[in-house]
Amino acid sequence: MSENSTGQEQGFTLGTPTLVCRWRIASQRLPMANRHLRALGARFVNGGTMPKALVAWAKQHVEWTLEDGSARWPDGVLMIVVDQDGKAAMTVGPYKPLQRTSTQGLLERARYAEQEGNATNVAPETLWAVRGEDLVWGMDPDQSPSGAATLVRDLALTVGMNVVRDAHLMDEVERGDHFDELFLVSDEHGVVPASDAAGRRAQRFADGYQKLLDSMARKR
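Predicted model only: the values in this text are computed from it and were never measured.

Visitor: Can you explain the nonpolar core? Please cite residues and give values.
Guide: With 22 residues, the main nonpolar core has Trp-128, Leu-135, Val-152, Phe-183, Val-191 and Phe-205 as its most contacted residues. Every element with two or more residues in this core is listed here: strand S7 (125-131), strand S8 (134-137), helix H5 (147-158), strand S10 (181-186) and helix H7 (200-219). The greatest single-element share of this core, amounting to six residues, is contributed by H7. Ignoring sequence-local partners within four residues, the contact set of Phe-205 consists of Leu-135, Val-152, Leu-155, Ala-156, Met-161, Phe-183 and Val-191.

Below you can see the structure in the form of structure tokens.
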């Protein structure tokens, strides 16, 4: 993979993108690589299931060429683009932190990601809420989770929090139902506490994600 892009075949032209995955990298490595690849395999593309050969291609490039291909942006974003013909390319670009982290800003992002989830079976960003001792995950129980979402789910279970999927969470937040804390979970941005509804548990998940990024440097 070059710093700009690499396709399945040299010299091909990528058509209209129908799927774009954006995964945060750290120190030229991909945290949660196995989680992301499982989520890639669970996605629908062009009306059908994800081809196993495409997942294998992505895994090969992550393992063999990501380090060289991310030299310009070692802490950037890895993007996998699939077109209408099933051809794919990878590219690495700079990471830009979210500018709007209010409840409304995160809610808008989760709504947009929900549309992608309805089309592809995996939403890259989901809204989460702390309600008492429960962690409410704003996701349809029939959909597959993103890589970052599985990390937060597993961290929550590790600390003894009950995780409840609720496909109507965003509606509940919009109508003003009470939640103790709110945060966004994103394949690109990690865990982002709402600036107007943050708390110690949301921050704990954000800190856990940051430790994962930091651990990539120690592995080099």
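Visitor: So what about helix H1 (residues 33-42)? Which residues, and what values?
Guide: Within H1, the full set of buried residues consists of His-36, Leu-37, Ala-39 and Leu-40. All buried residues of H1 project into a common sector of 160° when viewed along the axis, lining one side. Facing away from the buried side of H1, by more than 90 degrees, are the exposed residues Asn-34 and Arg-38. Where H1 is buried, its residues contact strand S2 (17-24), helix H2 (52-64), strand S5 (77-83) and H5.

Visitor: Account for the sheet that holds S10, with residues named and values stated.
Guide: Hydrogen bonds between backbone groups are what pair the strands of a sheet, and the pairing can be parallel or antiparallel. Taken together, five strands build an open sheet; the order of strands is S9-S8-S7-S10-S11 and the sheet is mixed. Whereas interior strands pair on both sides, the edge strands pair on one side only; in this sheet they are strand S9 (162-165) and strand S11 (190-193). On average, adjacent strands in this sheet sit at an angle of 25° to one another, irrespective of strand direction. As judged from the four bridges shared by S8 and S9, these two strands associate in the parallel manner. Pairing of Asp-134 across the sheet is with Asn-162, part of S9. Packing against the sheet, helix H4 (residues 103-120) makes contact with S7, S10 and S11, and its axis sits at approximately 130° to S7. Most of the contacts of H5 go to S10, to which it runs at about 135°, and overall it touches S7, S8, S9, S10 and S11.

Visitor: Pulling in residues and values, what's your account of the pattern of salt bridges?
Guide: As enumerated under the stated definition, the model contains 13 salt bridges in all. The partner of Asp-177 in a salt bridge is Arg-175, and the shortest N-O contact between them spans 3.1 Å. Overall, the relative accessible area of 31% leaves Asp-177 in the partly exposed class. According to the relative accessible area criterion, Arg-175 is exposed, its value standing at 58%. One salt-bridge network, in which partners are shared between bridges, spans Arg-111, Glu-114, Asp-171 and Glu-174.

Visitor: If you had to explain the side chain of Thr-103 to someone new, which residues and values would you point to?
Guide: Looking at the element boundaries, Thr-103 is found in helix H4. Classification of Thr-103 as buried rests on a relative accessible area of 16%.

Visitor: Now, about the packing of aromatic side chains: what can you tell me, with residues and values included?
Guide: Tallied over the full model, the rule gives three aromatic pairs. Seen in terms of ring centroids, Trp-128 and Trp-137 are 4.7 Å apart; in terms of plane orientation they differ by 15°. Their pairing is stacked. The same class applies to Trp-128 as to Trp-137, namely buried. Centre to centre, the rings of Phe-183 and Phe-205 are 5.6 Å apart; their planes meet at 35°, and the pair counts as tilted. You can see Phe-183 sitting in strand S10 and its partner Phe-205 sitting in helix H7, a full 22 residues away along the chain. In this structure Phe-205 comes out as buried when scored by relative accessible area, which is 5%. Taken together, the ring pairs connect Trp-128, Trp-137, Phe-183 and Phe-205 into an aromatic cluster. Sitting above the plane of the Tyr-95 ring, Arg-24 keeps its charged end 3.7 Å from the centroid. The cationic tip of Arg-165 hangs over the ring face of Trp-137; the distance from NZ or CZ to the ring centre is 4.5 Å.

The rules behind each value
Residues numbered from 1 in each chain as written. Predicted model: local features only at pLDDT ≥ 70, side-chain atom pairs only at ≥ 80, totals over all residues. Heavy atoms only, no water. Core = buried A, V, L, I, M, F, W, Y, C linked by side-chain atoms within 4.5 Å. Buried < 20%, exposed > 50% of the residue type's maximum accessible area, 1.4 Å probe, protein only. Helix = DSSP H or I, 4+ residues; strand = E, 2+ residues; numbered from the N terminus. Contact = heavy atoms within 4.5 Å. Arc of directions from axis to C-beta. Pairing = 2+ DSSP bridges. Axes fitted to C-alpha atoms, helices over the stretch in contact; angles between N-to-C directions. Salt bridge = Lys/Arg side-chain N within 4 Å of Asp/Glu carboxyl O. Phe/Tyr/Trp six-rings, centres within 6.5 Å; stacked < 30°, edge-to-face > 60°. Lys NZ or Arg CZ within 6 Å of the ring centre and 35° of its normal.

Read these as geometric descriptors, not functional statements.
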